[in-house]
Amino acid sequence: MSKKHECIAMLLAGGQGSRLGILTKNIAKPAVPYGGKYRIIDFPLSNCVNSGIYTVGVLTQYQPLELNDYIGNGQPWDLDRMNGGVHILSPYQQIKGTEWYKGTANAIYQNINFIDRYNPEYVLILSGDHIYKMDYSKMIAFHKEKNADCTIAMLEVPWEEAPRFGLMLLNDDNSISEFEEKPKNPRSNYASMGVYTFTWKKLREYLIDDEANTHSSNDFGNDVIPAMHSAGEKMFAYPFDGYWKDVGTIDSLWEANLDLLNPKVDLDLSDESWKIYSRNPVTSPHYISDTADVQNSMIAEGTEISGCVDFSVLFSNVTVEEGAVVRDSIVMPGTVIKSGAVVQYAIVAENAVIEENAVVGQRPEDMINLDEWGVAVVGASVTIGKGANIAPKAMIDVDVKGVE
Amino acid sequence: MRSNNVLGIVFSYDYDYVLPELTNLRTMGSVPFGGRYRLIDFALSNFVNCGISKVGVITKSNYQSLMDHIGTGKPWDLSRKREGMYLLPPFSNASAAGMYAHRIQALYGRLGFLNRSNEEYVVFCDCNVVCNIDFRELLSAHDKSGADITIAYRKGMAPKIDDTLVFDLNAENRILKAALKVNSQDAVNYSLNIYVMRKSLLERLLTEAVGMNNTDFERDIIQKNTSLLKIYGYRVDGFARTIDSLMSYFNINMELLKRENRAALFDPERPVYTKVRDDMPAIHGLGSKVKNSLIADGCIINGEVENSILFRGVRIAKNAKVKNSIVMQGSFVSESASIESVIMDKSVVITPNKMLCGTNNYPVYVGKSIVI
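Model, not experiment: these values are computed from the prediction. (Residues numbered from 1 in each chain as written. Chains lettered and ligands numbered in written order. Predicted model: local features only at pLDDT ≥ 70, side-chain atom pairs only at ≥ 80, totals over all residues. Heavy atoms only, no water.)

On to the sheet that holds strand β22 (residues 330-331) of chain A. With mixed pairing, 11 strands are arranged side by side in an open sheet as β31(A)-β28(A)-β25(A)-β22(A)-β19(A)-β16(A)-β14(B)-β17(B)-β20(B)-β23(B)-β26(B). Edge strands, defined here as strands with exactly one partner in the open sheet, are β31 (395-396) of chain A together with β26 (349-350) of chain B. As judged from the two bridges shared by strand β28 (residues 376-378) of chain A and β31(A), these two strands associate in the parallel manner. Looking at β31(A), one finds that A:Val378 is bridged to A:Ile396. Packing of helix α8 (residues 250-259) of chain A onto the sheet brings it into contact with β19 (313-314), β22, β25 (346-348), β28 and β31 of chain A, and relative to β25(A) it is tilted by some 90°. (Pairing = 2+ DSSP bridges. Helix = DSSP H or I, 4+ residues; strand = E, 2+ residues; numbered from the N terminus. Contact = heavy atoms within 4.5 Å. Axes fitted to C-alpha atoms, helices over the stretch in contact; angles between N-to-C directions.)

Dropping the structure here:
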């Protein structure tokens, strides 16, 4: 039994993220690279340590190898601790049998023993799908002040986007009067961010009840929270004001990366008081040659640029040869873009090779039919042959032959 | 030779005097270099890349910044249960009084550390040599030749440091003659001050030298013993440069703007490790213009940068111009300011519209945290 903790965090990182297509073929969604040197999971992990939460259980299930390797002993986030620290929690065999995590609530249910070891007052449930900087300690203080059983972080979203979210109707004291799950005609624009604080004693009871209920889908949003609400537990919404983005789709991943280049977007990664930690590549500073032209872009270390880069995010150890053009694109670590190639409105995954004069993606202004336009994606370690043309919206996960 | 049978020792302070400006507030090992490194990173990385897992870091004075940098040795994987990194600050006792002037005294003062170490061999080096050397080859050359001592050397113009040894070697690379204070305009075989020998031999040589009141390692131990001991040279052909002045510090940094030099010093097979600062990647703003420059993480560039090296977290404002310069961590060049041939230490601020210009053969140095 460990020392008692006031609050521990459980990070749901088992999702496949199927809408990211080939980008999550071999890695779990939280391990998807973001922002030049980060991976999505760096954000919730860094938020935890910055908020003073030093015990984090990371629940993994889908393609965990790379994620496990990345998290390691948690040292980059200062989560290698004598007491607590980061723990990878995969499904395991128990006396009553072996089960995968059936849903988000079931994943926590299967780890009741882990949480009980720390005997916390509160449990923070996080997901590994979002880019945001948040002080969880303020939310926990709010939860305590309201004497709540469950507090849900909420964000005011534009009305036109509201139908995509789980919404909450609130009373004057911020207690939740009603939930609406992705309604056609929303009555509220307070969206749930998928960040929950529970009083552990309460949640524990509901998880056990939920597991006993054979009709349940064992999901927080669909089952546990509605059950708590209908039983009349004290549920509050904690207002969050700041940048928050679900990077669940190719378009939103592309946008969220380029948001870093928009000075109007409230996501400052250079803020010393709220650093985002990551496992840093061991490589030299990046080099910009005499022939390069780099505008409005984010460039990570180890990258060498001799071509033209505009409004793009380049990860570490990328090579852009002389005469190559990269614009409005995301290029992940180790990729080589050869002379004369053009990469535009595209996401190119790790260690890909774009051979000479190949064209990946298309600018929307050059499209005849805008419905056919979208971000092109080239998968990890794929080679796009000389002069090949990759259409917008394409997802390429096998080598493409060159065109003579 | 088993690499975990070798003890590494690095002198973090030797030749501080050749860089008085940069070592005023720090020691040679913590002098910033190459956009994101400190000079000691090269020595420590050379050690760990060949599998050496016990390293002693000998310090003398002003080593606060060095301690901040190396911490427990974690970035070099030297924070270990078995062995790892040992910081060896000045130690005074009756026979070796505290502040040492020479390598012999410094090592003799650590005789206890040497005695207690179980490793059979010892490698030691300085921090003013910027190099990426495969020490496994150096160790196996030492093994094969049956030498008592092996010293890494390089062929070229000798650094302008008085106690640099210059060697005459035979075809087997045995050192026949070692000369000091050679003032030659030609290429010579000069020592890189990287030594390999049995630990027991080092212990004996040190004890004898102290007994004879000898003080100079190069003169009294190496030069005197070229005929008595088998001393061999190990020729280094990769990237290895000795810093002997502010000008050479500047030039060696600038050499990294050439691709072949970066490829040699930052060989991915033998990476150079350094302390992580968790900066965001650099941002090149709209209207910025960067040519032939090395840029570290955390920089935000909105002005012009040419033939320069920017360390982590440097900010270049709109219309500012930076040319042929080295700008260290956290410095700021304000709007419409212009600098050329300047070495800016950490956290320097150039206020708007100021101009600062050194010359091609002598850069201006601006000290830490100065506001111009």
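So, about the domain arrangement of chain B. Residues and elements named next belong to chain B. As far as domains go, chain B holds domain 1 (3-265) and domain 2 (283-366). Centre-to-centre, using C-alpha coordinates, domain 1 lies 33 Å away from domain 2. Of the residues lining the interface, 19 residues belong to domain 1; the matching set on domain 2 comes to 23 residues. Viewed at the interface, domain 2 and domain 1 are joined by one salt bridge. The residue Arg26 makes a salt bridge to Asp345 at a minimum N-O spacing of 2.8 Å. Along the contact surface separating domain 1 from domain 2 lie two residue pairs in polar contact (both at pLDDT 80 or more). Mapped onto the side of domain 1 that touches domain 2, the elements with two or more residues apiece are α1 (20-23), β2 (32-33), β3 (37-38) and α9 (246-255). The leading source of residues in the side of domain 1 that touches domain 2 is α9, at six residues. Looking at the side of domain 1 that touches domain 2, its residues break down into 11 nonpolar, three polar and five charged. (Domains from an automatic or database assignment. Salt bridge = Lys/Arg side-chain N within 4 Å of Asp/Glu carboxyl O. Polar contact = N/O pair within 3.5 Å; in protein donor to acceptor, adjacent residues only side chain to side chain. Nonpolar A, V, L, I, M, F, W, Y, C, P; charged D, E, K, R; others polar.)

On the basis of which strands lie adjacent, the open sheet formed by 11 strands has the order β29(A)-β26(A)-β23(A)-β20(A)-β17(A)-β14(A)-β16(B)-β19(B)-β22(B)-β25(B)-β28(B) and mixed pairing. Across the chains shown, the open sheet's two edge strands, defined by having one partner strand only, are β29 (383-384) of chain A together with β28 (364-366) of chain B.

Glancing now at unusual backbone geometry. Trans peptide bonds make up most of the peptide bonds, and negative phi angles are found at most residues other than glycine. Even without a glycine there, the phi angle at A:Asp328 is positive, about 50°. With respect to the helices and strands, A:Asp328 occurs in the loop between β21 (325-327) and β22. Classification of A:Asp328 as buried rests on a relative accessible area of 12%. One non-glycine residue, B:Tyr15, adopts positive backbone phi at about 65°. Following the sequence through the fold, B:Tyr15 ends up in the loop between β1 (6-11) and α1. With relative accessibility at 5%, the residue B:Tyr15 sits in the buried group. (Buried < 20%, exposed > 50% of the residue type's maximum accessible area, 1.4 Å probe, protein only.)

Okay, the pairing of strand β10 (residues 176-181) of chain A next. Residues and elements named next belong to chain A. Examined bridge by bridge, strand β9 (residues 166-170) and β10 share five bridges and lie antiparallel to one another. Within the sheet, the bridge partner assigned to Gly166 lies in β10 and is Glu181. Between β9 and β10, which follow one another and run antiparallel, lie five residues, and Asn174 among them has a positive phi close to 70°.

Attention shifts here to the pattern of salt bridges. Pairs can form between side chains of opposite charge once their charged atoms are near each other. One pass over the full model with this rule turns up 38 salt bridges over all chains. For A:Arg363, the salt bridge identified is with A:Glu365, shortest N-O distance 3.4 Å. Accessibility expressed as a relative area gives 26% for A:Arg363, which makes it partly exposed. Classification of A:Glu365 by relative accessible area gives exposed; the value is 52%. A salt bridge links B:Glu255 to B:Arg241; its shortest N-O distance comes to 2.9 Å. One end of the pair, B:Glu255, is in helix α9; the other, B:Arg241, is in strand β13 (residues 240-242), and 14 residues separate them in sequence. Judged by its relative accessible area of 23%, B:Glu255 falls in the partly exposed class. Using a relative accessible area of 18% as the deciding quantity, one classes B:Arg241 as buried. Where salt bridges share partners, they join B:Asp14, B:Arg103, B:Asp126 and B:Glu218 into one cluster.

It is worth spelling out a negative patch on the surface at this point. A contiguous patch of negative charge on the surface is contributed by A:Glu156, A:Asp241, A:Asp266 and A:Asp268. If you trace the backbone, A:Asp266 turns up in the loop between α8 and β14 (286-288). (Patch = residues over 30% accessible without salt bridge, like charges linked within 9 Å, V, L, I, M, F, W, Y side chains within 5 Å. Areas by Shrake-Rupley, 256 points an atom, 1.4 Å probe, with all protein chains shown as cover. Lys, Arg positive; Asp, Glu negative; His and termini not counted. Charge placed at Lys NZ, Arg CZ, Asp CG, Glu CD.)

Residues and elements named next belong to chain A. Packing of helix α6 (residues 200-212) against helix α7 (residues 220-230) leaves a shortest axis separation of 10 Å and a crossing angle of 120°. Considering the relative orientation of α6 and α7, their crossing is right-handed. Across from Lys202, Leu203, Tyr206, Leu207 and Asp210 in α6, the residues of α7 making contact are Phe220, Asp223, Val224, Ala227 and Met228. (Left-handed = near helix turned anticlockwise from the far one by under 90°.)

Here the focus is the interface of chain A and chain B. Opposite the 36 residues of chain A that make contact, chain B presents 34 residues. Contact between chain A and chain B buries roughly 2,900 Å² in total, counting both sides, with carbon and sulfur atoms accounting for 47%. Three residues, A:Pro285, A:Tyr287 and A:Glu301, lead the burial of chain A against chain B; their summed loss comes to 19% of the area buried on that side. Across the contact surface, chain A and chain B share four salt bridges. (Buried area = accessible area lost by both parts, 1.4 Å probe.)

The tally for this structure, following the rule as stated, stands at 26 aromatic pairs over all chains. Judged by centre distance (5.1 Å) and plane angle (25°), the rings of B:Phe124 and B:Tyr195 are stacked. Taken as a pair, B:Phe124 in strand β6 (residues 121-126) and B:Tyr195 in strand β11 (residues 188-198) lie far apart in primary sequence, 71 residues in all. Exposure remark for B:Tyr195: the relative accessible area of 0% places this residue in the buried category. The residue whose ring lies beneath A:Arg39 is A:Tyr70, and the NZ or CZ to ring-centre distance is 4.8 Å. (Phe/Tyr/Trp six-rings, centres within 6.5 Å; stacked < 30°, edge-to-face > 60°. Lys NZ or Arg CZ within 6 Å of the ring centre and 35° of its normal.)

Below, the discussion takes up helix α7 (residues 199-211) of chain B. All names here are of chain B. The first and last C-alpha atoms of α7 sit 18 Å apart over 13 residues, in line with the 18 Å expected at 1.5 Å per residue. Every buried residue of α7 is listed here: Lys199, Leu201, Leu202, Glu203, Leu205, Leu206 and Ala209. At the exit of α7 stands Asn213, carrying a positive phi of roughly 65°. (Expected span 1.5 Å × (residues − 1).)

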